[in-house]
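Single-letter residue listing:
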Amino acid sequence: MSVDGSLDRLRREGHIVIVGASLAGLRAAETLRDEGFTGALTIVGDEPHEPYDRPPLSKQVLLGRVPADHTTLPRRREVDAQWRLGVAATGLDMAAKRVHLADGAAVEYDRLLITTGVRARPWPHELEADLDGVFVLRTSDDAAGLHHRLSAGPRRVLVIGAGFTGSEIASACRERGLDVTVAERGSAPLVGALGGVVGEVAATLQREAGVDLRCGIMVTGLEGDSAGRLRRAHLSDGSSVEVEVAVVCLGATRNTEWLASSGLGAGPRGIACDAGCRAFDVRGIVTDDVFVAGDVARSPHPLFGYQFLSLEHWGNAVEQAETAAHNMISSSTDRRPHVWTPSFWSAQFGMNIKSVGVPPMADEIIVTQGSLAERRFTAVYGYQGRVIAAVTFDQAKWLEFYQQQIERAAPFPPEFTTVDRRPEGMHPVPAGFPDPSLPSHGPTVTLSGHSPSDRRISFTPLSA
Amino acid sequence: MRLVVDLNRCQGYAQCAFLAPEAFTMHGDEALMYDPQPDDAQRGNVLRAAQACPVKAITVEGMNGAPAAEKAGASHVG
């Protein structure tokens, strides 16, 4: 069926296909119905489960407070969809407007929304990754398996990578009384997301909670016994740790392989789209009928120099899905841009960590309220003389104010006086982000900076 | 019953933890931990908690007169 040139007909009797049945896919489906779409709706998901929420998996679920299969998302309304769950999409034919599925079926669409998200990056060595006791944590099934194993009381757990997921897992392990070693390649936990100044606070929290935290260290190998059970991890400083469980927390990979030969502008860094959530094809031309939202999307943001931001944030998935759904069934003049201000949270070691803006863009940081030593503070991040981000540790109530500062491009350092001006005074210091042009493995050439004035080519020789 | 909390909105007022302690608990001074699928017997408390939230961060299925859950499995084909 073709509905070209007839928006009313699309809204009335068109066929919309959503590939990706998680948070973004569900919220998009609800928005389509909310906005009066009465045509056919098909939702394809590779997991057999109904859309479920992931943030509790590394917290409530690992602590044993909530079963892994109890995080199914509440519905805001009925979506009256045909669900194809447990079936991955395997290909896209943009000319025929058809999605191919793993079971051999094909689904035709008038409008397509891609919300395939990301998956955990596996341990790169396949044989080691297959050892009994080696886990990743992304899906509900991952969480169920890891929780089961933690409940058996392993003598020591190794967490590989101290980003947010790794740090939350380490926190849950300590709360359960398990010995845990954290191996982090950077100088501190969370250093890539929040910088070195705040990372040092995170390191202190981990050590005080009894984590054996090792920074500037890489895991070079995982060793099993004759029965294929994990027994030992080898580290880059020549030492080794006896462990029964290792959780690989090395970030995520975007689920775009199924689009490889589709002609869509999809790759390892996601699917580029315009501010209206319309996907670009490989020629850099925006498509009219393929939309993207959630973790798999990269879209330009006016607040941050029109950089194409790729955000693995819960709130971004919701808001971008709502915008994409609205735009899919609207005329061009009624479309909205996706201009969500990045925000996320993490709970770990009894601390509520929240962020707004884009901290890694910053060059400087200043603590405006509370203090690092008290582990209760608001830190403001500056980039080229303007406020670009803010992070709170147990001071979430201040964040809304700083969001307004970011959205107004307010000057940095902040010019206002704060309620608890520190006796030691307030001075910005370098934020301490790792140099993205410095690779950590082997010699290489890297190109960094997104705008012509920022571009830099660096050669980094092999380091010891 | 199913619920979700938008923890970007949540500012740790803890009203929910007071009104429905079976479903919402504070973890440390400010972080909220909640049961995304509390027992139906908690429904009254949970709805009161959702209504009392100063930042309206709690979404409960079937709140505001919306129809209760349709099950994805019911229309699952293929």
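Source: prediction; values computed, not measured.

Once that is clear, we can look at the interface of chain B and chain A. Facing the 34 residues of chain B at the interface are 44 residues of chain A. At the boundary of chain B with chain A, the tally comes to 1 salt bridge. For Glu50(A), the salt bridge is made with Arg2(B), and the minimal N-O distance between the two is 3.5 Å. Across the chain B-chain A interface, the total number found is 13 residue pairs in polar contact (both at pLDDT 80 or more). Listed by contribution, the elements that provide at least two residues to the side of chain B that touches chain A are strand S1 (3–5), strand S2 (24–27) and strand S3 (31–34) of chain B. Along the lines of polarity and charge, the residues of the side of chain B that touches chain A split into 14 nonpolar, 11 polar and 9 charged.

Next up on the list: the pairing of strand S2 (residues 40–45) of chain A. A regular strand carries its side chains on alternate faces of the sheet. All names here are of chain A. Within S2, 5 of the 6 residues are buried, which leaves it mostly tucked inside the rest of the structure. Inspection of the sheet shows strand S1 (residues 15–19) paired to S2 by 5 bridges, in the parallel sense. Each bridged residue has a counterpart across the sheet, and for Ile 16 the counterpart in S2 is Leu 41. Once you follow S1 into helix H2 (residues 23–34) and on to S2, the crossover reads as right-handed. Bridge count between S2 and strand S3 (residues 82–85): 4 bridges; the pairing is parallel. By the bridge assignment, Thr 42 is partnered in S3 with Gln 82.

Next up on the list: the UniProt feature "domain: Reductase C-terminal" (unreviewed entry) in chain A. As recorded in UniProt, the feature "domain: Reductase C-terminal" (unreviewed entry) lies at residues 344–415 of chain A. In this annotation, residues 344–415 of chain A is assigned 12% helix and 50% strand; the end-to-end C-alpha distance for the span is 26 Å.

All names here are of chain A. Counted according to the given criterion, the structure contains 6 aromatic pairs over all chains. Between Phe 377 and Phe 393, the aromatic rings sit 4.6 Å apart at their centres with planes inclined by 20°, giving stacked as the arrangement. Highlighted residues: Phe 377 in strand S27 (residues 376–383) and Phe 393 in strand S28 (residues 386–393), separated in sequence by 16 residues. Phe 393 shares its class with Phe 377; the two are buried.

Our next topic: the UniProt feature "domain: FAD/NAD(P)-binding" (unreviewed entry) in chain A. According to UniProt, the feature "domain: FAD/NAD(P)-binding" (unreviewed entry) maps to residues 15–321 of chain A in the numbering used here. Segment residues 15–321 of chain A splits into 21% helix and 31% strand. End C-alpha atoms: 17 Å apart.

This part covers the domain arrangement of chain A. A common measure of how large an interface is: the accessible area buried when the components associate. Residues and elements named next belong to chain A. Domain annotation for chain A reports domain 1 (3–58 + 76–117 + 255–329), domain 2 (121–252) and domain 3 (350–430). Between the C-alpha centres of domain 1 and domain 3 there is a distance of 35 Å. The interface is formed by 4 residues belonging to domain 1 together with 7 residues belonging to domain 3. Overall, the association of domain 1 and domain 3 removes approximately 460 Å² of surface from exposure, summing both partners, and the carbon and sulfur fraction of that is 75%. Three residues stand out in domain 1 for area buried against domain 3, namely Leu 303, Phe 304 and Gln 307, and they jointly supply 88% of the buried area on that side. Taken together, the connections running from domain 1 to domain 3 amount to 1 residue pair in polar contact (both at pLDDT 80 or more). Of the residues in the side of domain 1 that touches domain 3, the class split is 3 nonpolar, 1 polar and no charged.

Criteria and thresholds
- Residues numbered from 1 in each chain as written.
- Chains lettered and ligands numbered in written order.
- Predicted model: local features only at pLDDT ≥ 70, side-chain atom pairs only at ≥ 80, totals over all residues.
- Heavy atoms only, no water.
- Contact = heavy atoms within 4.5 Å.
- Salt bridge = Lys/Arg side-chain N within 4 Å of Asp/Glu carboxyl O.
- Polar contact = N/O pair within 3.5 Å; in protein donor to acceptor, adjacent residues only side chain to side chain.
- Helix = DSSP H or I, 4+ residues; strand = E, 2+ residues; numbered from the N terminus.
- Nonpolar A, V, L, I, M, F, W, Y, C, P; charged D, E, K, R; others polar.
- Buried < 20%, exposed > 50% of the residue type's maximum accessible area, 1.4 Å probe, protein only.
- Pairing = 2+ DSSP bridges.
- Right-handed = clockwise from strand over helix to strand, strands pointing away.
- UniProt positions renumbered as here; feature names shortened; annotations may be inferred.
- Phe/Tyr/Trp six-rings, centres within 6.5 Å; stacked < 30°, edge-to-face > 60°.
- Domains from an automatic or database assignment.
- Buried area = accessible area lost by both parts, 1.4 Å probe.

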